[in-house]
Structure formats: C-alpha cells, structure tokens
Amino acid sequence: RNASNGRLLRRFGELNDISLAFEISPCGSKLVTSGASSAALWDVATGKFEHRFDGRVNWMSGVAVSEGGAMVVVSSFNQEHLKIYDGTTGQCLRILSTSGTIIGFLLLEGLGRIVTLTKKNIEVWDLRTAGEMFVLLGLDHTDEVHRIVASADGSLIAGCGS
C-alpha cells in the first residue's frame, strides 16, 4: 500500500504457504516473505517472484533482506541457527549457529553484522564469516530477553526482558 494515501499498489502471488513474517529491503525494491516451510523474494515494482529459499525446517519465523535483495536471512521457530542466502541465486551461503533458540535477530548490513536474540543472550556475529564476535554481557535479566532494537547506524543495541 501507498504509505501516504493507503491505496493498494500491488498484491504478491501466493506460494501455497502461510505467511508468517515479511520485510521490505531498506531501499524498498525487494520484499521477502516467509511461511511454514520456505521464504520467497519478490520485486516490489513488478510483483515478480524471484527466488524461493527452502529451509527444510518448519515454520520460518523471521526474515531480513539486505539493500537491493543481495542477501536474505531466515530464522525458524525453535531453531538455534540462521540461514544466510544469496538473494540473486537462492543458494544458502552460511549457517550461523547460536547458543540457544532464536527469538529474533537484526541484520546490520552496513556494519557487516547480525545480532541474534536468544532467551538469555544477545550475540553479535560477523556477517561475512558467520563467526561470533561477542556476547553482550551484564543484561541482568532474571527470566528472558524479549526484544532487541538497534539505532539506524547500528552503533547502539538495546534489549528488554524480565
């Protein structure tokens, strides 16, 4: 929809899947959607389907897409890893394994990082190598961390929980 007037601009085709998560690329040119067993990349201007990313797991719960759709990141319910795909070929480039079940994640493409949120940790990863850079310590949460956010430039990360 057009954000200024609410007018419907385009409908995206169905891939016989339930939509669970979606995200528009920072430049607005690509849309990534996820469902029960796969994610899909679409061209926003034309509505054309570009690639399917088959996770071979159930219930893809989170997606992110880089500027221009060159990279797609996907997480699944009750999983301890993220899959990083080439948005132009659909090929899985890397699998990032975390310390626990992933609740959420942020793609900080400009810094070359991914931030993952598990029940107890916020972990920062190198996007290029999928290697862990560091864990944010001193969260002082007695139960779980529920959400993470980052500043637009990625220099600040905040988490909240109980």
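What counts and what doesn't
- Residues numbered from 1 in each chain as written.
- Predicted model: local features only at pLDDT ≥ 70, side-chain atom pairs only at ≥ 80, totals over all residues.
- Heavy atoms only, no water.
- Helix = DSSP H or I, 4+ residues; strand = E, 2+ residues; numbered from the N terminus.
- Buried < 20%, exposed > 50% of the residue type's maximum accessible area, 1.4 Å probe, protein only.
- Contact = heavy atoms within 4.5 Å.
- Areas by Shrake-Rupley, 256 points an atom, 1.4 Å probe, with all protein chains shown as cover.
- Pairing = 2+ DSSP bridges.
- Axes fitted to C-alpha atoms, helices over the stretch in contact; angles between N-to-C directions.
- Phe/Tyr/Trp six-rings, centres within 6.5 Å; stacked < 30°, edge-to-face > 60°.
- Salt bridge = Lys/Arg side-chain N within 4 Å of Asp/Glu carboxyl O.

J.: Which residues make up the overall build of the protein chain, and what values do they have?
T.: Helices and strands together make up the secondary structure of the protein chain, namely 0 helices and 14 strands. Written out in order from the N terminus, the α and β elements of the protein chain read β-β-β-β-β-β-β-β-β-β-β-β-β-β. Within the protein chain, the proportion of its 162 residues that are buried is 40%. Long-range pairs, those at least 24 residues apart, make up 33% of the contacts in the protein chain between residues at least 6 apart in sequence. As displayed, the protein chain has an accessible area near 8,900 Å², and 50% of this comes from carbon and sulfur atoms.

J.: Could you give an account of the environment of Ala158, naming the residues involved and the relevant values?
T.: With respect to the secondary-structure elements, Ala158 resides in strand 14 (residues 157-161). Remark: the alpha-carbon pair of Ala158 and Leu136, spanning 22 residues in sequence, is separated by 9.9 Å.

J.: Lay out the sheet that holds strand 3 (residues 38-43) with the relevant residues and their values.
T.: The strands making up a sheet associate through hydrogen bonds between their backbones, and the pairing can be parallel or antiparallel. Pairing in this open sheet of 4 strands is antiparallel, and the strands run 1-2-3-4 from one edge to the other. Looking at strand neighbours, the two that pair on one side only are strand 1 (21-24) and strand 4 (49-54), the edges of this open sheet. Strand after strand, the sheet turns through a mean of 15° between neighbouring axes, direction not considered. Here strand 3 runs beside strand 4; their pairing, made up of 5 bridges, is antiparallel. Across the sheet, Leu41 pairs through a bridge with His51, a residue of strand 4.

J.: How would you summarise the sheet that holds strand 10 (residues 113-118) if you had to cite specific residues and measurements?
T.: Spatial ordering of the open sheet is given by 9-10-11-12, a layout of 4 strands whose pairing is antiparallel. Lying at the two open borders of the sheet, with one neighbouring strand each, are strand 9 (102-108) and strand 12 (132-136). Adjacent strand axes in the sheet meet at a mean angle of 20° when their direction is disregarded.

J.: Describe in detail unusual backbone geometry, supporting the description with residues and values.
T.: In the Ramachandran plot, Ala130 falls in the positive-phi region, its phi being about 65° despite a non-glycine side chain. Of note, Ala130 is situated in the loop between strand 11 (122-126) and strand 12.

J.: Provide a residue-level description of the packing of aromatic side chains, including the pertinent values.
T.: Scanning the entire structure with this criterion turns up 2 aromatic pairs. With centroids separated by 5.5 Å and ring planes inclined at 70°, the aromatic side chains of Trp42 and Phe49 adopt a geometry described as edge-to-face. Judged by its relative accessible area of 4%, Trp42 is buried. Phe49 sits in the partly exposed class, given a relative accessible area of 33%. Measuring from ring centre to ring centre gives 5.0 Å for Phe53 and Tyr85, while their planes differ by 50°; the resulting arrangement is tilted.

J.: Describe the pattern of salt bridges, naming the residues involved and giving the relevant values.
T.: By the definition in use, this model includes 3 salt bridges. Between Asp43 and Lys30 there is a salt bridge whose closest N-O contact spans 3.4 Å. Placement of the pair is Asp43 in strand 3 and Lys30 in strand 2 (residues 30-34), with a sequence separation of 13 residues. Both residues of the pair, Asp43 and Lys30, count as buried. Put simply, Arg128 and Asp126 hold a salt bridge, and the shortest N to O gap is 3.9 Å. Residue class for Asp126 comes out buried when judged on its relative accessible area of 17%. What you see here is one network of salt bridges that share partners, running through Lys30, Asp43 and Glu50.

Fair warning: the whole summary comes from geometry, so function is off the table for now.
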